[in-house]
Amino acid sequence: MTDVTSDGLTTLAPERGSNFSRELRRAGRSMVAAKWPVLALLILLVVVIVAIFGPMIAPLDPNRQNIMLRLAEPMGEGPRGATFWLGSDALGRDVFSRLLYGARISLLVGVCAIAVGGTIGVVAGLVSGYFGGWVDDVIMRLGDIQLAFPFILLAIMFLVVLGPGVINLILVLGIGQWVTYARIVRGQTLSLREKEFVEAARALGDSTSSIIFRTILPNIVAPLTVIASFNVASVILAEASLSFLGLGVPPSVPTWGSMLAESREQLIANKWWLAIFPGLAIVLTVLSFNIIGDWLRDFLDPRLKERR
Amino acid sequence: MTRLRHLAVAGASGLLLATTAAIAQPADDTIVVGLSADITTFEPANISSRDNANIARHIFGTLYTISGDGEVSPDLAENLEISEDGLNYVYTLREGLTCHDGEALTAEDAAYSFNRAKDPANAFTGNTPGFVFSSIGFQSAEALDDRRVQITLGAKNPIAFGLLAEVYIHCKDSYEAMSLDQAASSPIGSGPYKLASWAKGSEVVLEKVGEPAKMDRIVWRIIPEASTRSAELIAGNVDIITNVAPDQIDAVNASGNAKVQAVQGTRRMYVGFNLSEEFAAMPGGDAIQDPAVRRALQYAVDVPTICKQLLNFECVRATGIVNPQNANQSLTPYPYDPDMAEKLLDEAGWPRAADGTRFSIRFQAGRGRYLNDQNVVLAIAQYLEDVGLKVEVDLMEWASVYVPLIRERNVGPLFFLGSGGALWSPLYDMTDLARVESGTNYTHWNDERWFSRWADIAAATTPEETRKIVDEMLQVFYDDGPWLHLYFQPDFYGVSERVDFVARPDEKVYLFNTGLK
Amino acid sequence: MWTFIARRLLQSVIVIFGVTLISFVALQIGGDPTYLFVSERATEEEIAMVREALGFDKPLHIQYLTYLGNVAQGEFGNSLSYRQPAMDIVLGALPATIELTIFALTFAIGLAIPFGVFAALYRGTPVDGGIMTMAMFGQSIPNFWLGIMMILFFGLYLRWFPISGHVPFLMPLLQGEVATAFSNLPKTLYYLIMPGIAVGFYSLSRNARLVRSSMLEVLGQDYVRTARSKGLTERSVVVHHALRNAWLPVVTMVGLEFGFLLGGVVVIETVFSYPGIGRLVFNSINQRDIPVVQAAVIVLSLIFISLNLLVDLVYAKIDPRVKL
C-alpha cells in the first residue's frame, strides 16, 4: 500500500492495469503459502454460491409449515415423500431449505450493512479529513456521540422503534459501523492531502470531488477491505444477538441468526439439529471472514494494526 | 511449560472444589418460585400485572378471597351484607387484625385503602382503581364503626363481589406517613407474609408473619428466559416455575425432579375480524365483512392440532366468547374441514384467481405475550394460506406497539388476541361486547341480534330466562360473530417433587397452603 | 494536560446532550406509553387523564426541554413503571453489571495475555495452533448461544455452577456493609463464572490474537534480536524487553474492552437472569420507560467517556511520544 503512494508521486494517480494483475498473482501466492485463507475462501465461495442458487437447490419451500411433522430429526420423513435432510423446526419447516435461503439473507445483511456503513463512513471521513475545520469537528463529534454509547443499545432502541425488518436491520447495523471507517479514512486523508500528488492534482485544477474520490480514495481502499472483512463477521454475529432479543428479521424471513435464536427453547429438549446447523453455518462463515481479514491485513501491510 | 502445568492443576482443583460446594438448593422452610416477568411495584393501588399481584397477595389481605374453583371464603372480613338496591356492601372485619407494623387494622383502615386508591392526586393506575373501580362504578368507602366498613357502588353489578375481593387492604397511619416512593418499595401489609427484601429484576423474599402460611420464607426469582427457568427447576434450585415453554414440558417431566401441571385457563384466545369501515377499505377487509366468509374461515383452521402440536395440550375448540362451562351447550365447535372452507369461499364470491389466491389480508399480532404466540400466529396464517388466502403476518412488539393499536381498536383486518375470562358467570365473559362502542369491542362488531339483547338481559327476572337469552346471543356469535374461535389458553406450571403445590385455572399462584410433601 | 481534560469534559457535555436527545426522540415517536399504565377497560377520559399525569400530552420539544431543565437540577424524573426515581433504579442495577463486566474483563485480558504470549513464543507449534483455533472459534460463536450451552452443560448436566442469579458484592460494599460484602464475595464470584465467561469469551479470543501479533512484532524488532544475540535467556528477553514494549496496546485494550463488554451484557444478562443494567435498559426501552432509559443513557455515556479519557491519560503517561 505504501509503495502505491510513492508510485503516485511520479504518476499523479496510481496506475492500475498490469500492476493490478501482478498484485493479484502475488496475492494468490501469498494465500497459498498461508494455506488457511485458501480454505476460508473456498468456504466463502460455497456460501456465496448457496446464497445465489440456494432457492434452486432447496428441496422444500423454506416457509412452508407442517406442524404435524414438526421437530423431525435429520433424515426424518417430510411431507409427500420428501426428506428433511437436516430435520424440521418448531413449525415443521425444513431446516435444510431454510439454511439455504438463510445464506442469502444473512450474507445480504452482512454485506449491505457494511456497504451502508462503509459508504457513510468513507464519505464522512474523506470530507472530514480533506476539509477539516468545523465540518471535521461536527462529523467527529457525531462519531463521538455514537461511540459514547454501547452500540447494541442504540440498535435495540432503533429497532424497537422502527420495528423488525431486513432493511431496518441493515440500516441499523450499517449505521453502527460508520464511525470506524470514518476515523480511519479521515486519518489517511489528513496525511494524504498534503502529499505532492494531491497538491499536483489541485494545481492542475481538478475539481474537489475529483481530488477526493479519484486521487485520495483509491489510496485508502486497502485498509478498508481489511476492516470490512472483519466487520462482516461481527455484523453477522450482531444480527444473531438482535434476533435473540426478538429484534431481528420478521419470522417469515429465514436467517442463520434467527434460526439459531429460535433454537434456544429446544436445546433443553435435546433438539440439537436446530442449533448445530445454523450455528455451524455462522461459525464457518464468520471464521472464514476473520481468516481472510487476517490474511489481507498481513498481505497488504504487515504493520497495519487496526482493531476489529 | 511448568508454569502452564501449575495453572492447569490449580484450575482443575478449583473446579473440583466447586463441584463439592452445594449449589443453592432451597432450605426446608423456604419455597422458591421462578417467574417469567419482572415485577415493578408494591404500591397496592398500582399493582396490575399477574405476577406482581401474585406476590402482593401474600403481603396484603383482602376482604374476601375466591379459590381456584370459584369458592368464596372470608379473609379479613367475616361477614357481608348487601343492601336491597345492591349499591351498598357492608363488610364486618374480623376481630384483632393488625398490620405488619403492629398497628390495629380497623374499618377506618379498610375504608382508607379504598379511598386512597381512588384519590386522583395519587394518579394510581393499578388493578384496583383502573379495573375494579371503573367496572363497579365505585363511589366511596366509609367506616360505620370500628369493624364495619361500607362500600358504595354507582350501579348494581352482579360481579361486584368478586371484584371487591381483589382490593388490597392496608393500614391508614403507616401509609399516610409514607411518600409514594416509599410505599412503592416498602409495603406495610396485612397478609401472612411481609416483604423481607426486594432486589429489583432479581428476587423478592417474603417472610412469614402470620397465618395461613406453611412456609417461613417464599423467594420469588425473576427468570425471564424460558430455558433458564426450566433448567433451574430441573436442577432443583427452584420449586415452582410459571409459563413452562410447551416444548420443554417433556424435558421437565423426564427429569424425575419435577412435573408440569397443565391447567386449562380461562383466557379466551381468538383471531378477531376488524369490521370497521376503515378496515373494510383494506385488502381483505372487504371480504371479511361478509359473515359467510368469516364462517368459511372457521373451517380452515385446525385448532385441536395447533393445541396439541404447538401448545402440547389437548384442547376442545371454543364455540364462542364464553368459557366452556357457561357456553351454549347445543353448539359444537367448528370442525377442521378445508374443503368446506374452500367451498364456502367459492360460494361467497371469492374464488381462487389464476395464481391460486382468493384475497390478500394482513394479520397483526403482538409477540411474547401469550403462550407460544408467535408460532401459533404463523401456523394460523399457514392454514389460511392453504385455503387460498395470501396472509401478510405482521408481528409486533407487544407492550408499546401492539397494545396501543388494540386500545385504539385499530388493529387488523385480522388480529390475534387473548381476553381474560372468568368461570362464575357467562355475562362476565360477554361484557367485552356490552356496547358497539365498548373499548373492548376491538372488532367493531355491530350485529343488532347481539347488542339489542342486553336490554332483554337487564329485564330478565329469572336465571332461566337470562340463560335463554344468553344462549340465543351465543348462537348469533357462533354463526356470524367477529371472532375466529381458537382455544382457552392452557397454563403450565413446573412443580418440583419436593412441594405439594396445586395449580389453579385463574393464573393465580397462592402459596399459603403449599408445603413440603 | 488540564486544558486537554477540560476540553474533553466540555465535549462530553455535548455528547451526553446528543445521546439523550436521540434516545428521547426515538422513544417518543415510537409508541405511546400511556396504554401501559391503564387497565384494559379504562375509558377515554381515564386514558386522557393518565396521559396528562405522565406528561405525554405536551409537544415533544416542550417535554424534552422540561426534561433537560430537570436534569440540570439533578432531577431525573420517576420511572414510569417502577414509580420511583429513575436514577435510583439505574444506579441500583449498575453495580451488578460492573461486577459482571470487571469479571469478564479480568477473565478476558487475564487469559488473553498469557495465551497470546505463549502462542507467540511457541509460534507454529501445537500450543500456538490450539490457542489460535480456540480464539478463532471464540470470535465466531454468538455469546447467547455459548451461554445457553454452558447452562445446559456446566449448570444442568455437570452441576458445577449455579445456572442463574446474582449475589451482590459491590452494592453492600457501597452501602457500607463491608462485612456482608466480603462474606458474599466467594458466592459472588461463583455466580459470576458462567455469565462472566459468556460475556468475556469473545474478548478473550480477540485479544489473545492481538497480543500474539503484537508480541510477534516486538520479538522481530532489532533490540530483541540484539538482546538475544547478547546471550540473554529467552525468559529474560521476553520479560525485560518484549513484554515491556508489548503492554502498551494492552492499556488501550483494557479501556476499549470495558466499553465493548458493557455493550455485550444485554443479551447475557437475559440468558442468566442477571439483574443488571443491560436487561433494565432493554426492558425499559420496550416499556417506553423514558426516564429510566435516559438516566441509563447518561450514566453509561459518562462511564464510556471517563474510560476513554482515562485511557488517553494513561497512554500519555506511559508513552512519552504522545502529547496531550
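First, a word on scope: everything that follows refers to the structure included in this document. Everything quoted here is computed from the prediction, not taken from an experiment.

Parameters and conventions
Residues numbered from 1 in each chain as written. Chains lettered and ligands numbered in written order. Predicted model: local features only at pLDDT ≥ 70, side-chain atom pairs only at ≥ 80, totals over all residues. Heavy atoms only, no water. Helix = DSSP H or I, 4+ residues; strand = E, 2+ residues; numbered from the N terminus. Rg over C-alpha atoms; globule rule 2.2 N^0.38 Å. Contact = heavy atoms within 4.5 Å. Areas by Shrake-Rupley, 256 points an atom, 1.4 Å probe, with all protein chains shown as cover. Lys, Arg positive; Asp, Glu negative; His and termini not counted. Charge placed at Lys NZ, Arg CZ, Asp CG, Glu CD. Buried < 20%, exposed > 50% of the residue type's maximum accessible area, 1.4 Å probe, protein only. Patch = residues over 30% accessible without salt bridge, like charges linked within 9 Å, V, L, I, M, F, W, Y side chains within 5 Å. Salt bridge = Lys/Arg side-chain N within 4 Å of Asp/Glu carboxyl O. Disulfide = S-S within 2.5 Å. Buried area = accessible area lost by both parts, 1.4 Å probe. Polar contact = N/O pair within 3.5 Å; in protein donor to acceptor, adjacent residues only side chain to side chain.

### Remarks on the overall build of chain B
Counting secondary structure elements, chain B contains 19 helices and 16 strands. For chain B, whose C-alpha radius of gyration is 26 Å, the value lies close to the compact-globule estimate of 24 Å for 517 residues. For chain B, the C-alpha atoms occupy an extent of roughly 85 × 70 × 40 Å along the three principal directions. Counting only contacts in chain B whose residues sit at least 6 apart along the sequence, the fraction spanning at least 24 positions is 68%. Surface accessibility of chain B: about 19,600 Å² in total, with carbon and sulfur atoms responsible for 51%. Taken as two groups, the 43 positive and 70 negative side-chain charges of chain B have centres that lie 4 Å from each other.

### Quick notes on unusual backbone geometry
Of note, the bond from Glu211(B) into Pro212(B) is cis; its omega dihedral lies within 30 degrees of zero at -10 degrees. You can see Pro212(B) is positioned in the loop between strand E9 (203–208) and strand E10 (217–222). Here the phi dihedral of Met75(A) falls at roughly 70 degrees; this positive angle occurs in a residue that is not glycine. Residue position: Met75(A) is located in the loop between helix H3 (36–57) and strand E1 (76–77). Here Met75(A) falls in the exposed class, since its relative accessible area comes to 53%.

### Observations regarding a nonpolar patch on the surface
All names here are of chain A. Together, Val-32, Trp-36, Val-38, Leu-39, Leu-42, Leu-45, Val-48, Ile-49, Ile-52, Phe-53, Met-56 and Ile-57 make up an exposed nonpolar region whose accessible area comes to about 1,200 Å². In terms of residue count, H3 provides more of the nonpolar patch than any other element does, 11 residues in total. Within the element layout of this structure, Ile-49 appears in helix H3. Using a relative accessible area of 42% as the deciding quantity, one classes Ile-49 as partly exposed.

### Quick look at the state of the cysteines
Residue and element names in this part refer to chain B. According to the stated counting rule, one finds two disulfides over all chains in the structure shown. Residue Cys-99 pairs covalently with Cys-171 via a disulfide, S to S 1.9 Å. Around the S-S axis, the bridge from Cys-99 to Cys-171 shows a dihedral of about 95 degrees and counts as right-handed. Here Cys-99, found in the loop between strand E5 (88–93) and helix H3 (107–118), pairs with Cys-171, found in the loop between helix H5 (160–164) and helix H6 (172–177); they are 72 residues apart in sequence, far enough to count as distant. The exposure classification of Cys-99 matches that of Cys-171, with both residues buried. What pairs with Cys-307 in a disulfide is Cys-315, and their sulfur atoms sit 1.9 Å apart. Taking the sign of the torsion about the S-S bond as the criterion, the disulfide between Cys-307 and Cys-315, at about 80 degrees, is right-handed. Described in terms of the sequence order of its bonded cysteines, the disulfide pattern of chain B is 1-2, 3-4.

### Side note on the interface of chain B and chain A
Between chain B and chain A, the contact holds 24 residues from the first and 20 residues from the second. Roughly 1,900 Å² is buried in total at the junction of chain B and chain A, and carbon and sulfur atoms are behind 53% of that figure. Looking only at chain B, the three residues that lose the most surface to chain A are Asp247(B), Gln309(B) and Gln382(B), adding up to 28% of its buried area. The tally of links from chain B across to chain A stands at three salt bridges. The closest approach of N and O atoms between Glu225(B) and Arg264(A), which form a salt bridge, is 2.5 Å. Counting across the chain B and chain A interface gives 11 residue pairs in polar contact (both at pLDDT 80 or more). Counting residues per element, the side of chain B that touches chain A draws most heavily on helix H14 (residues 373–386) of chain B, which supplies seven residues.

### Comments concerning the interface of chain C and chain A
In many reports, interface size means the accessible area that the parts give up when they come together. Across the contact, 51 residues belong to chain C and 39 residues belong to chain A. With both chains or domains summed, chain C and chain A bury close to 3,900 Å², and 78% of this area falls on carbon and sulfur atoms. It is Ser140(C), Phe144(C) and Trp145(C) that lose the most area in chain C upon contact with chain A, and together they represent 14% of the buried surface on that side. Counting across the chain C and chain A interface gives one salt bridge. Asp294(A) is the salt-bridge partner of Arg209(C), the closest N and O atoms lying 2.6 Å from each other. Taken together, the connections running from chain C to chain A amount to one residue pair in polar contact (both at pLDDT 80 or more). Secondary-structure elements contributing two or more residues to the side of chain C that touches chain A are helix H1 (2–29), helix H5 (126–138), helix H6 (143–157), helix H8 (178–219), helix H10 (234–271), helix H11 (277–287) and helix H12 (290–318) of chain C. Ranked by the residues each element gives to the side of chain C that touches chain A, the list is headed by H1(C), at 10 residues.

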